[in-house]
Amino acid sequence: MTLEDALLAWCQQESRSGRRPVIGLNGPVGAGKSTLARSLQQRFAAADLQLAVASIDDAYLPWQQRLEAMAGNPYGVNRVPPGSHDPAALLAGIRPWRSGANHRLELPRFDKTLRDGQGDRVAPWCGAADALLLEGWMLGCRPLPELQLSSNAVQEWKLDLNTAELIWLQRCNQALGAYQPLWHELNQLLMLWPSDWRWPRRWRLQAEARQRRRGGGWMPAVELDSLVKSTLQSLPPDFYQRPILARANAVRVLDSRRRCVWEGSGTAALKRWAQPCSVSSSATG
């Protein structure tokens, strides 16, 4: 049984019991989270279930607030790292819908093609839903104790971070606290795991090239490098993503072309695929 089959069967059971499940989908930038979400929507629709889809990025702060929140970061990005979102905006729609008070679900929306590829908020989406899939690159990440983020500890991790990047890592770790109430709403957690952590940069460049061909807003390669680097160094995968494997209900391991090379439980993936994740310059370009 594939990940998709198992998820559909579980959601059908939840729906018959009168529950409205929230499914989390974690994966690095460019891993195909949106593609998988669309495929699941079609599969659910064929089974007469309405699956709503949202991204944590749909809850980005409004433009000016986001600029202020991301000011001074060493990567020069104005979105992506923890602190650039308003997770409460998602909770405000999810909780009433789950309580049964309203069958319609309202979700914030963000258009990445606006402002020359920098993106901005647009009108929210509102509609009926039997289940919700929430996706994002840092979904499920938890803050680490402060002592684990000291200069000495980071040196032991062998992370190639300068002083400004270390300070930003500590700031992002603290910002993760605001996301925890949203993570608590997740009933299942799925992961897309790259077999090599060099792939996310390649995937993101490919996605941007497709966006450019469609005539939408796009980002130059230098800005994309900074964006991908900000994900790998704001929350280093070894210490923020790998622990999620132990809690994941299902994991799909991807090769350089985003093809599935292995699929199974989170605990099995942890044993087989959780080799150290490089966040050095070789992985970020």
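Our structure's up above, just so we're on the same page.
Scoring rules and cut-offs
Residue indices follow the written sequence of each chain, beginning from 1 at its first position. Per-residue local features are limited, in this predicted model, to residues with pLDDT of at least 70; the limit for side-chain atom pairs, both in listing and counting, is 80 or more; totals at the level of whole chains, interfaces and linings are taken over all residues. To obtain the side-chain values, all non-hydrogen atoms of the structure were used and water was disregarded. Paired rings are identified among Phe, Tyr and Trp, the last through its six-membered ring, by centres lying within 6.5 Å, and are further divided according to the angle between planes into stacked (under 30 degrees), edge-to-face (over 60) and tilted (the rest). Helix and strand assignments come from DSSP, with helices taken as H or I runs of at least 4 residues and strands as E runs of at least 2, each series counted from the N terminus. Accessible area is worked out with a 1.4 Å probe on protein chains only. A residue is then buried under 20% of its type maximum, exposed over 50%, and partly exposed in between. Cavities and pockets are found on a 1 Å grid laid over the protein atoms alone: a cavity is a set of points where a 1.4 Å probe fits but cannot escape, a pocket is an open set with protein on both sides within 12 Å along at least five of seven lines, and a lining residue has an atom within 4 Å of such a point. Grid points are joined across faces, edges and corners, and a volume is the space filled by probe spheres set on the points. Think of it as three bins: nonpolar holds Ala, Val, Leu, Ile, Met, Phe, Trp, Tyr, Cys and Pro, charged holds Asp, Glu, Lys and Arg, and polar takes everything else, Gly as well.

Would you take a moment to explain the packing of aromatic side chains for this structure?
In this description, a pair of aromatic rings is defined by centroid distance and the angle of the planes. By the definition in use, this model includes three aromatic pairs. Taking the centre distance of 4.7 Å and the plane angle of 65° together, the rings of tyrosine 60 and phenylalanine 110 count as edge-to-face. Linking tyrosine 60 in the loop between strand E2 (51-55) and helix H3 (63-69) with phenylalanine 110 in strand E3 (residues 104-111), this pair joins segments that are 50 residues apart in sequence. Taking the centre distance of 5.3 Å and the plane angle of 80° together, the rings of tryptophan 193 and tryptophan 197 count as edge-to-face. With respect to burial, tryptophan 193 and tryptophan 197 carry one shared label: buried.

Help me understand the environment of glycine 117, please; the structure alone is not making it clear to me.
Relative to the elements of secondary structure, glycine 117 occurs in helix H5 (residues 114-117). In the structure, glycine 117 is positioned 91 residues away from glutamate 208 in sequence and 9.6 Å away in space, judged by C-alpha atoms.

Help me understand empty space enclosed by the protein in this model?
The probe, sized like a water molecule, is rolled over the atoms to show the empty space still left. Applying the stated rule across the entire model yields one cavity of 30 Å³ or more. Each pocket or cavity is described by its volume, and for the largest cavity that value is around 100 Å³. Lining the largest cavity are 15 residues; nearest its centre among them are Gly27, Pro28, Trp137, Trp197 and Gln241. The set of elements that each furnish at least two residues to the lining of the largest cavity consists of strand E6 (188-194) and helix H10 (221-234). Here the element with the most residues in the lining of the largest cavity is E6; it accounts for three residues. In the lining of the largest cavity, the residues fall into 11 nonpolar, four polar and no charged.

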